[in-house]
Amino acid sequence: MPNLGVIISLLIIFGGLAWLLFRSLTGREVKRRVIFVFIFVAVAAPILFPITFEEHATPVVRDLFDRIETLPRGSRVLISFDYDPAMAPEVQPMANAISFHCLTRGHKVVCMCLWATGQTLLSNTINDVILPEFPNIIDGVDYVNIGYKAGNEGVLNVIVSDFKKMFPTDVNGVPLDSVPIFDEINSCADFDLIVALGGGRPGPKEWVLFVGDPADVPVGVGVAAVVAPQLYPYYPRQIIGILGGIKGAAEYESELAHRHEQFADMDKPGLNMMGPQTLAHITIMAFIVIGNIAFFTGRRRKDR
Amino acid sequence: MNRSTYIVAAVVVLLFALSWVLHTLAMSGEADGVTRAFMVTMAAFLTLAIYSFLYKDNAFYKLAEHLYVGVSAAYWMCQGFWSTIVGNLIPRLSEGASNFFQQPYQASSWNVAYWIPVILGIMLLMRLTKNYGWMSRWPLALIVGTTAGLNFVRYLRSDFIVQVSSTFVPLLGDKELHPWLGFGAFVSNLDLSATGQLAALATNWVVFLGVICGIVYFFFSKEHTGVFGRASRVGIWILMITFGASFGYTVMGRISLLVGRITFLFRDWLGLIS
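Because the structure is predicted, anything quoted here is derived from the model rather than measured.

**Considering the overall build of chain A**
If you tally the helices and strands in chain A, you get twelve helices and six strands. Across its three principal axes, chain A shows a C-alpha extent of roughly 80 × 45 × 30 Å. Across the 304 residues of chain A, 48% fall into the buried class. For chain A, the share of sequence-separated contacts (at least 6 apart) that also reach a separation of at least 24 residues comes to 74%.

**Here we look at the overall build of chain B**
Along its length, chain B carries nine helices and zero strands. Taken from the N to the C terminus, the helices and strands of chain B come in the order α-α-α-α-α-α-α-α-α. Over its C-alpha atoms chain B spans a radius of gyration of 30 Å, topping by over 25% the 19 Å that the globule rule assigns to 274 residues. C-alpha atoms of chain B, sized along the principal axes, occupy 75 × 60 × 45 Å. A total of 274 residues make up chain B; the buried ones form 9% of that total. The long-range fraction of contacts in chain B, counting pairs at least 24 apart against all pairs at least 6 apart in sequence, stands at 25%.

**Quick word on the interface of chain B and chain A**
Contact with chain B, which involves 44 residues of that partner, is made by 46 residues of chain A. Those elements giving two or more residues to the side of chain B that touches chain A turn out to be α3 (59-93), α6 (137-167) and α9 (226-269) of chain B. Examining the composition of the side of chain B that touches chain A, we find that 17 residues originate from one element, α9(B), more than from any other.

**Describing α3(B)**
An ideal rise of 1.5 Å per residue puts 51 Å on 35 residues; α3(B) measures up with 47 Å between its terminal C-alpha atoms. Its axis deflected by about 40 degrees at B:I85, α3(B) carries its strongest bend there. Listed as buried for α3(B) are B:Q79, B:S83, B:G87, B:N88, B:I90, B:P91 and B:R92. Elements in contact with the buried residues of α3(B): α5 (118-133) and β3 (143-148) of chain A together with α4 (95-100) of chain B.

Here is what the cut-offs are and how they apply
- Residues numbered from 1 in each chain as written.
- Chains lettered and ligands numbered in written order.
- Predicted model: local features only at pLDDT ≥ 70, side-chain atom pairs only at ≥ 80, totals over all residues.
- Helix = DSSP H or I, 4+ residues; strand = E, 2+ residues; numbered from the N terminus.
- Buried ≥ 20, exposed ≤ 12 C-beta atoms within 10 Å, placed from the backbone.
- Contact = placed C-beta atoms within 7 Å.
- Rg over C-alpha atoms; globule rule 2.2 N^0.38 Å.
- Expected span 1.5 Å × (residues − 1).
- Bend = angle between axes of the 7 residues up to and from the residue.

Given below as structure tokens:
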């Protein structure tokens, strides 16, 4: 009975907000733990009783989607997983969707990471999406995982001119000289597209500064919401498209599901998260309104 | 520690054991089910321990916090050692060591140069000693100097020159995408979509005016009165809207993290959702 669950959840949340408004108007204090309970209910209810919304890709997301869609088959795409488990709820859906999209279009995908924690999350994408959805795919021919290297911007500064100097082998210890994908790749300039996923440092911004601009390679980014506003100034000249936070991931998944039927049946965590996001945002906005009402009524009461 | 603390700790340990046993039974058909059951239970209890801070600071929160910091540091160190020192350095230093670590040896006449980072690395570790701690300043100075030099060039190009040139936007329409054919043509072909000419023009005007007014706000050599004052006022509005957008995105990010943890608790730990 998901609909009944949704109705009961909404009644609890909005009934509670009305109670909070009443308490505020009567000048009684609301403890912060009450706020935490409301946020928990607003997030948990749509997870237990899913509420879904239709998403449409905005131009900033569609630009990256269209670039991957229109690249000729066999194009070389580098995907960098520069994030940690704290960013994974936002960025992992992007990583999964973009990896799926690239392989569906027949591109050659090279996966790497500048964060040690990205190694495990990169393996998750390979094990959860790439291998189950593309059983005939060949490691080293269609995709390769070259893993993590320490050095932050130093790594980028080397691979922009010589890839194999920094990554002599793939993650399994196979020399890149014997990996077919790298037959025609010597530096980052040989990639047709770089997709930088992350949100910290080093991350998408460093990819633009140290690789995209100097090597004149198109860079698309998928970032945690916290840093998305900092990257908008680079769009569209230095970054071809931005997936900002879970909203960007949901838009990308929506576009992918519309254009590729195979993806329509797959799990779409980005779209699934938009229900809890929406309800939590409505609750937070209600808190802001209630807080302001309480402030102004309190001030008026004091003036009297 | 008082008596109630011991009672709470005992209850938590009992719940942990119960959760572990129940998950082990649920995963009895799977390989390494006991280990996986422990992992799921541990992750769930650590999540709850972190969130317990919302009630008040407590020993469980501190335990989880310290565990997180320690495990993170150890994980980064191990990954750095195996991927970079074993993966990149050893194969260029010694064939015997390369064979020991099962890495392909990379012979080159330039390999002797790789002893320089080895020496600098050892000097950096001298920080741990009392008498030779001064030696760590040399590699540290090299790191700071190199980073500053590299960043100066990259930031000057991407964050200054390209950003300044990106501010020079066409105020009457892009020549390629939306050429300006006169006001009549603009009105008769009015397109309200996000990719239409109106949106493009509005974006370019916001960029142009936002930059000018933002700079005016930070120009303190002239009193902010008259036209200058009004431009400064627009500048502060632009800044506030920007901060608001950042705050909105931050809230979205934090909610996403909460959704991620609650999904884990409901799906992997409690099995409430599929």
